[in-house]
Amino acid sequence: MRRPFQCEFCNDVRGGVAIVFGLVLPALIGFAGLAVDGAYWMMERNKLQSATDSAALSAAQTIQLNGTDQSIATEAKKLLLKTYNQNLAGVRFTVQHPPATGPMAGNAAAVAVLAERDQPVFFLGLFGMTNTFVATRSVAHVDSMSEACLLALSKTADKAIEVTGSSIINLKCGMASNSNSNLAVYLSGSSNTAVSGVSAAGDIYQSTNAQLTTSDGPPKSNASEITDPYGPEGRNLVAPKANGACTERNLKVQSDTTLSPGRYCGGIDFTGGTATFEPGVYLIDGGDFNANGNAALVGDGVTFIFTAVNNNVGVLNINGSQTVSLHAPKSGTNWDGILFFKGAGDGTLRCNGMACQSTINGGANLDLGGSVYMPSDQLSMSGGASSSISCLQIVADKITITGNSAITGTCQETDGTEKLTRSTVELVE
């Protein structure tokens, strides 16, 4: 027979349970209060963290613009004010440029924003807690690449930038590849390359015997692409229409000659003498620009633009050891900073039905000032190792360096060129 249910706990009249319950109840209330107050504090801390993250990123953008410490701190405060209104009630913050502690301590490209905010006490006030605060720390860093003077625009090509053989390359600037290939930058042979920096959207290959020295930090693989400075997302330069009568047809220069701006149909072939170019724009229409042998070329404020005939366009060939001193205009024209220009980097331009192959092989007297912009070309460079090229940019589909070369400096704003650089701002703490 089943016995009826009996509740011994309910019938206990000794008071032991009541005593235990009375002892445990304050602890239960305390834990409940901690949970409620703690949840609120965590929510407020997340809000403060978001605010300091935004403040650090904005302050780092000011670093990128070469701002002063005062402007960096002002920018950080501006972002905190957006979250906590004009009085920043209960908020105390410090801006450190550079950060005083942590992995970025002493790094002038980084900024730290430290903040505290007083918090109310609700349930835990019953236990004597009267005040508390939440604290956050955010560190942002400007990751920038040294200004480049060589930029390969191809997004897929292997060896978009290639340094090969026994080349000795000394560039007081950087080189960058927008290719996502595992061989986006390819250093091989017994080449010895000294540059300010190397950047690639893909990877960088360096053979066992190839030497690489970078002055502004280690090479950067899987980096952001560099925007084409003269293409649609940049200055958006477009080759003019080659209208009007030809100034010359299939011109061959073999002795001292002075040339004027105009339309040179079929290209120009320089084999001797000194060609002196008057300032202005020269349209190389449907032909090549060839400088060979003992020819010397001299001109300031000049721009050479390759224009196409039925989508066929000429190439640039500079081969020789005589003086080649050509400098782009620096101010006052639409072509400031542009020395050689060829449009359409979409592959539509062809050279005799094939991919365009341009060459710059100069000697000690090679002095080119400005940008060589040929987005559809595979450009080979060699020579000029003992020259004094203070401002030269090469922007091409692919760039190959096969001989000793030197560029002694980067282009300045007064040179009229666009900067070939990339920088990103990121949170690192």
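Summarised in this report is the structure supplied together with it. (Residues numbered from 1 in each chain as written. Predicted model: local features only at pLDDT ≥ 70, side-chain atom pairs only at ≥ 80, totals over all residues. Heavy atoms only, no water.)

## Observations regarding the packing of aromatic side chains
Each aromatic ring pair is described using two quantities: the centre-to-centre distance and the angle formed by the ring planes. This structure, assessed with the given rule, holds 14 aromatic pairs. Considering the side-chain rings of Phe 277 and Phe 304, the 5.0 Å spacing of their centres and the 85° angle between planes classify their relative orientation as edge-to-face. With Phe 277 in strand β16 (residues 274–277) and Phe 304 in strand β19 (residues 302–307), this pair connects stretches of sequence that are 27 residues apart. We note that Phe 277, like Phe 304, is buried. An aromatic cluster is defined as three or more aromatic residues linked by ring pairs; in this entry it consists of Tyr 264, Phe 270, Phe 277, Tyr 282, Phe 289, Phe 304 and Phe 340. Between Lys 159 and the ring centre of Tyr 186, over which it is positioned, the NZ or CZ distance is 4.3 Å. (Phe/Tyr/Trp six-rings, centres within 6.5 Å; stacked < 30°, edge-to-face > 60°. Helix = DSSP H or I, 4+ residues; strand = E, 2+ residues; numbered from the N terminus. Buried < 20%, exposed > 50% of the residue type's maximum accessible area, 1.4 Å probe, protein only. Lys NZ or Arg CZ within 6 Å of the ring centre and 35° of its normal.)

## Remarks on the environment of Asp 118
Counting through the fold element by element, Asp 118 comes out in strand β2 (residues 110–119). The spatial distance from the C-alpha of Asp 118 to the C-alpha of Phe 133 is 4.2 Å, given a sequence separation of 15 residues. Beyond its immediate sequence surroundings of up to four residues, Asp 118 is in contact with Gly 90, Arg 92, Thr 132 and Phe 133. Within the structure, Asp 118 has its side chain in polar contact with the side chain of Arg 92 (distance 3.1 Å). (Contact = heavy atoms within 4.5 Å. Polar contact = N/O pair within 3.5 Å; in protein donor to acceptor, adjacent residues only side chain to side chain.)

## Points about the sheet that holds β2
As summarised here, the arrangement of the four strands in space is β1-β2-β3-β27, forming an open sheet in which the pairing is antiparallel. Looking along the sheet, the strands with just one partner apiece sit at the ends: β1 (91–96) and β27 (423–427). The mean angle between the axes of side-by-side strands here comes to 15°, regardless of whether they run parallel or antiparallel. Here β2 runs beside strand β3 (residues 132–144); their pairing, made up of ten bridges, is antiparallel. Bridge pairing in β3 places Arg 117 opposite Val 134. With respect to the sheet, helix α3 (residues 69–84) is in contact with β1 and β2, its orientation differing from that of β1 by roughly 150°. (Pairing = 2+ DSSP bridges. Axes fitted to C-alpha atoms, helices over the stretch in contact; angles between N-to-C directions.)

## Here we look at the side chain of Asn 178
Within the secondary structure layout, Asn 178 lies in the loop between β7 (174–177) and β8 (185–187). Within polar-contact distance, the side chain of Asn 178 engages the backbone oxygen of Ile 226 at 2.9 Å. The residues contacting Asn 178, other than those within four sequence positions of it, are Leu 151, Ala 152, Leu 153, Ser 154, Lys 155, Ala 201, Glu 225 and Ile 226.

## Focus: the state of the cysteines
Inspection of every chain in the model, using the stated rule, returns three disulfides. For Cys 149, the disulfide goes to Cys 173, at an S-S distance of 2.0 Å. Taking the torsion about the S-S bond as the criterion, the Cys 149 to Cys 173 disulfide, at about 55°, is right-handed. Linking Cys 149 in strand β4 (residues 148–152) with Cys 173 in the loop between β6 (168–171) and β7, this pair joins segments that are 24 residues apart in sequence. A single burial state applies to Cys 149 and to Cys 173, both of which are buried. The side chain of Cys 246 participates in a disulfide bridge whose partner is Cys 265; the two sulfur atoms lie 1.9 Å from each other. Between Cys 246 and Cys 265, the S-S dihedral sits near -85°, and the bridge is therefore left-handed. Taken as a pair, Cys 246 in the loop between β12 (211–214) and β13 (248–253) and Cys 265 in strand β15 (residues 262–270) lie far apart in primary sequence, 19 residues in all. (Disulfide = S-S within 2.5 Å.)

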